[in-house]
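# Close look at the chain arrangement
Here is how the chains run, residue by residue.
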Amino acid sequence: MNNANGAAGVHAGAPAVEAVHTSKRFGATTALHDVSMSIAPGSTHALVGRNGAGKSTLVSLLTGLQSPDAGAIAFDGKPAPPVADRSAWRRRVACVFQRSTIIPDLSVAENLFLNRQGDVVRWGALRRKAAELLQEYAVDVDPAARAGDLGVEQRQLVEIARALSQGARFIILDEPTARLDATAIDRLFGRLRALSATGVTMLFISHHLQEIYSVCDTVTVLRDARHVLTAPVADVDHDALVAAMTGEAVGLTEVEARPPVGDDTRVALRLKDLTLHGSYSGIDVDVRAGEIVGVTGSGSSGKVALAETVGGLRRPTNGTVTVGEQPVPPGSVPAALAAGIGLVPQDRHREGLIPLLSIAENATLPIAGSFGRFGYVAPGRLRDTARSFIDRYDIHAEGPAAPVSSLSGGNAQKVVLARALSTAPSVLVLINPTAGVDVRSKESLLGAVRAAADTGTAVLMVSDELDDLRHCDRVLVMFHGRVVAALPAGWSDTDVVAAVEGVNR
Amino acid sequence: MTTVPARLSGIRLARMRDLTLVPAILLLLVVGAIVDPVFLSSANIVNVLQQQTELSLLVLAETIILIGGRFDLSLESTVGLAPALGVALVIPAASNGLGTDWPSALAVPIILLVGLLVGALNGLLILRFGLSAFIVTLGMLIVLRGLQIGITGGQNLFELPPSVLYLGNATWLGLPLSIWLCGLLFAIGIAALGWFRHGRAVYAIGGNVDAARAAGIRSDRVIWIVFMVGGTLAALAGLLMTGRLGSVAAAQGQGMIFTVFAAAVIGGVSMDGGKGTLFGALCGVLVLGLINNILTLAGVSAQWIQAVYGLIILVALILARVTTGKAQDS
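Because the structure is predicted, anything quoted here is derived from the model rather than measured. (Residues numbered from 1 in each chain as written. Chains lettered and ligands numbered in written order. Predicted model: local features only at pLDDT ≥ 70, side-chain atom pairs only at ≥ 80, totals over all residues.)

## Structural notes on the overall build of chain A
- Helix and strand counts for chain A come out as 18 helices and 20 strands.
- In terms of overall size, chain A behaves like a compact globule, its C-alpha atoms giving a radius of gyration of 24 Å where 505 residues would be expected to give roughly 23 Å.
- Across its three principal directions, the C-alpha atoms of chain A cover 70 × 50 × 45 Å.
- The buried share among the 505 residues of chain A stands at 49%. (Helix = DSSP H or I, 4+ residues; strand = E, 2+ residues; numbered from the N terminus. Rg over C-alpha atoms; globule rule 2.2 N^0.38 Å. Buried ≥ 20, exposed ≤ 12 C-beta atoms within 10 Å, placed from the backbone.)

Put into structure tokens, the structure is as follows:
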């Protein structure tokens, strides 16, 4: 489909951005094959596709980081500047990457005007200019603050303000919501709508299809390096979108009901009066063997800190964690592991994986001692175990020896899950297990969690995603460090969202 | 928005971080005065300052390189090689020269040029060929020292032209010229890093090189220039040392690099780049200089002074870690 502009029908005239029959190859792999896309001025365009579908390649062409092997990019009907002319690109397009491009030790003001301070820096004037800019976009941040001290949300707003101040009227947002909580996402969307109303064109990349329906007017789907469809979002329903992404019809929102866990089942994990000052207080939770308990809440609710406490990453100020009948020594990961607690940490890149080691070594780190005596790791047994993990958890990889850094986000997360389950834990703690993971991988990850629960593992799953929570037998909602609601299976989305936002039920 | 009070506190905090070593310096002055009344005499203080000029120039160079997120071990060998080569090219073969007998007016420009070229070569290997800065500059440290020994036959050079001696030897307005020179260079450095776009670019590159590139900073070029400035400053340090001592020793500068890094880190410069100030680094130099002087005055025996000095540096590093509350290499 080459004339997507007509489909959007938002504005007349030349499209703000256009990719015409672009192709890009990296060695033997085709990253993008004859993809055309055009974005009408002022529209908010969604770009979706599974990991590896070619989204990032298309973004790198649109931002001028790479030039297409064939085809062309155009802005407002005029051909794009040469790749070497960075400043010309910056005036046309700005990208807010998933990874922050803020320099933590410099002030907000300096980050905003980096390399545009003038040859001699006048600090007072620079801070005033920054304050004006921040005020213009209603970003409540002190320009003299150290940029590294900002929260994720503020940092993103600073990046957006910086992009706009460079004169770009086209912004690419690469998974801007991946690290925000629900209220922050709402605020971000409010801003995006306001920007859109002033004529800013946006390309929005996200794994949360729901977000696309709430902010975008048009959606383009890529699959296997090819363009699949471009259509107004109103014309494509959720299932059709997923089908376009996966090439087959799947309904992720339909979750098979789990057999109820009886009241007489033994309690596998008991949290008693657990308190961590500044995060949460007085948490009493029982999780029975084979039960999946979801925990959700906003970013400040303390839910992540709670899960990290159970996993041994944090030491509680008060209260106890009990597995079976045994209390778990607080604040120690080895003690938690020994007690039978497996943890899938929040940030798989920072806490989850060792990028240069192989899949096999990463997946078997906690059980490496069982592959031989005196610390010897028998290569054959390591490989065999890793192969069985790769099959069981549906990890798409060249083989057990491939470095974990070569995996896509979804497959890397499966390795983290495989490692957490490698010790056959009686308790599994997961923190946002499907964040930044494509639709297919989400399914296999949640399937593996359910399978573990079916064999009697007690699961505590902290998540922001309703799709994850649907698999839980009950969902606890935390608000400002306390559990404010316990919803049995069968809840509706509005129940959860209302409880998370602290709205009266 | 209520930015004004927050801004003031921001500035105050930044200044505070810069001033953390000032109490330590005052304390050392008191300790020194107690150990030996001679300590506070102007002759001794001037002596301490002059001895630290060479070190402080190396710290100035290393700090800029560290802020840019790289490091350079070879500076200490440049301190020896640059003056040795510059002098050997102009003095007669009878005084261990190379026999080229170039006009002696060329000695100082050659010395500075050697430093510049060493920095440029480091930059070439690290940035263009993508080699590890640690191994490149460690290799350079050994090669440069070897070159100096090869050129001079392992001899110290004594018959130096007056132009080479002047900078490290002259006195202006009652103070050694080298102190004025150091003060001036630090002032220029502080201004360049604090108030000039290219100086701020060094912080940006050290803090997050991808973000710096995305903002249009030519990071490789900036870092290359930083390496060349660093090499030139090291050569100048060698020139000052030559003038102060009246000769070019075969081992000139050897072993200084540990003290250089220690002074920078004690002064709050991060080994990971993007963090630290020249003022802080200068305070680090003063702290180490005063400690060294006090140890000498206190009569610590020559056989033990190195062990004690090294130990005190380690303790100072621990204290700096405790007071700043941040790990130094993570």
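## So, the environment of V295 of chain A
Residues and elements named next belong to chain A.
- Position of V295 among the secondary structure elements: in strand β13 (residues 292-297).
- In this structure V295 comes out as buried when scored by C-beta crowding, with 26 C-beta atoms within 10 Å.
- For the pair V295 and M461, spaced 166 residues apart in sequence, the C-alpha separation works out to 6.0 Å.
- In contact with V295, not counting residues within four places along its chain, are K303, L306, L460, M461, V462, L476 and M478. (Contact = placed C-beta atoms within 7 Å.)

## Here's the deal with the sheet that holds strand β12 (residues 280-288) of chain A
All names here are of chain A.
- Taken together, four strands build an open sheet; the order of strands is β12-β11-β14-β15 and the sheet is antiparallel. Lying at the two open borders of the sheet, with one neighbouring strand each, are β12 and β15 (326-327).
- Note: strand β11 (residues 267-276) against strand β14 (residues 318-323), five bridges, orientation antiparallel. The partner of T275 across the bridge, within β14, is N318.
- Running at roughly 120 degrees to β11, helix α10 (residues 303-310) makes contact with β11, β12 and β14 of the sheet. (Pairing = 2+ DSSP bridges. Axes fitted to C-alpha atoms, helices over the stretch in contact; angles between N-to-C directions.)

## Some thoughts on the nonpolar core
- By size, the foremost hydrophobic cluster in this structure holds 164 residues, and its most contacted members are I171 of chain A together with L58, V87, A204, V260, A263 and V287 of chain B.
- Counting residues per element, this core draws most heavily on helix α13 (residues 278-297) of chain B, at twelve residues.
- Those residues within four positions of L58 of chain B in sequence are excluded, and the remaining contacts are L75, A234, A237, M256 and V260 of chain B.
- Counting residues in each nonpolar core, the second largest holds 69 residues, with V304, I390, V404 and V437 of chain A among its members. (Core = buried A, V, L, I, M, F, W, Y, C linked by C-beta atoms within 7 Å.)

## Some thoughts on the sheet that holds strand β16 (residues 341-344) of chain A
Residue and element names in this part refer to chain A.
- Spatially, β16-β17-β18-β13-β19-β20 is the arrangement adopted by the six strands of the open sheet, whose pairing is mixed. Whereas interior strands pair on both sides, the edge strands pair on one side only; in this sheet they are β16 and β20 (482-488). Neighbouring strand axes in the sheet, compared pairwise and without regard to direction, differ in orientation by 20 degrees on average.
- With five bridges joining them, strand β17 (residues 427-431) and strand β18 (residues 458-462) adopt parallel strand pairing. Pairing of I431 across the sheet is with V462, part of β18.
- Lying on the sheet, helix α15 (residues 409-422) is in contact with β16 and β17; it crosses β16 at an angle near 170 degrees.
- Helix α16 (residues 439-454) contacts β13, β17 and β18 of the sheet and is inclined by roughly 150 degrees relative to β18.

## Notes on the interface of chain B and chain A
- Counting residues at the interface gives 22 residues for chain B and 25 residues for chain A.
- Among the secondary structure elements, those contributing two or more residues to the side of chain B that touches chain A are α1 (3-18), α9 (197-207) and α10 (209-214) of chain B.
- Considering every element that reaches the side of chain B that touches chain A, the biggest residue donor is α9 of chain B, with six residues.
- Class assignment for the residues of the side of chain B that touches chain A results in eleven nonpolar, six polar and five charged. (Nonpolar A, V, L, I, M, F, W, Y, C, P; charged D, E, K, R; others polar.)

## Concerning the packing of helix α12 (residues 256-266) of chain B against α13 of chain B
Residue and element names in this part refer to chain B.
- Closest axis-to-axis distance for the α12/α13 pair is 7 Å, and the angle between their directions is 120 degrees. Considering their axes alone, α12 and α13 lie oblique with respect to each other. Remark: the crossing between α12 and α13 carries right-handed chirality. Contacts from T259, A262, A263, A264 and I266 of α12 reach α13 at A281, G284, V285, V287 and L288.
- Of the residues belonging to the contact of α12 with α13, the class tally is eight nonpolar, two polar and no charged. (Parallel < 35°, antiparallel > 145°, perpendicular 65-115°, else oblique. Left-handed = near helix turned anticlockwise from the far one by under 90°.)

## Thoughts on the confidence of the model for chain A
- Confidence in the prediction for chain A averages 83 pLDDT; 92% of positions are at 70 or higher.
- Across chain A, element-level confidence peaks in β18 of chain A with a mean pLDDT of 94 and bottoms out in helix α1 (residues 4-8) of chain A with 39. (pLDDT = per-residue confidence, 0-100.)

## A closer look at the environment of V219 of chain A
Residue and element names in this part refer to chain A.
- Tracing the backbone through its elements, the reader meets V219 in strand β9 (residues 218-223).
- Expressed as a C-alpha distance, the spacing of V219 and I39, which sit 180 residues apart in the sequence, is 9.9 Å.
- What V219 contacts, discounting residues up to four positions off in sequence, is A46, V48, I212, A231, V233, V236 and L241.

## Some points on the pairing of β17 of chain A
Residue and element names in this part refer to chain A.
- Taking burial as the measure, the five residues of β17 include five buried ones, the bulk of the element.
- Burial of the side chains of β17 extends over both faces: V427, V429 and I431 are buried on one face and L428 and L430 on the other.
- As judged from the four bridges shared by β16 and β17, these two strands associate in the parallel manner. Within β17, the position partnered with L343 by the bridge is V429.
- In this region the chain leaves β17, passes through α16 and returns to the parallel neighbour β18; the handedness of that crossover is right-handed. (Right-handed = clockwise from strand over helix to strand, strands pointing away.)

## Observations concerning the pairing of strand β3 (residues 44-48) of chain A
All names here are of chain A.
- Here β3 lies mainly inside the structure; five of its five residues are buried.
- Alternating positions in β3 separate into two faces, T44, A46 and V48 on one and H45 and L47 on the other, with burial throughout.
- Relative to strand β8 (residues 201-205), β3 runs parallel, the two sharing four bridges. In the strand pairing of β8, T44 is matched with M202.
- As judged from the four bridges shared by β3 and β9, these two strands associate in the parallel manner. Opposite H45, over in β9, you have T218 as the bridge partner.

## Describing helix α14 (residues 379-392) of chain A
Residues and elements named next belong to chain A.
- For α14, which comprises 14 residues, the first-to-last C-alpha distance of 20 Å matches the rise-based estimate of 20 Å (1.5 Å per residue) to within 8%.
- Every buried residue of α14 is listed here: L382, T385, A386, F389 and I390. Within α14, the buried residues cover an arc of 140 degrees as seen down the axis, which keeps them to one side. The exposed residues of α14 that point more than 90 degrees off its buried face are G380 and D391.
- Where α14 is buried, its residues touch α13 (359-364) and α15.
- One or two residues past the end of α14 sits D394, with phi positive at roughly 60 degrees. (Expected span 1.5 Å × (residues − 1). Arc of directions from axis to C-beta.)

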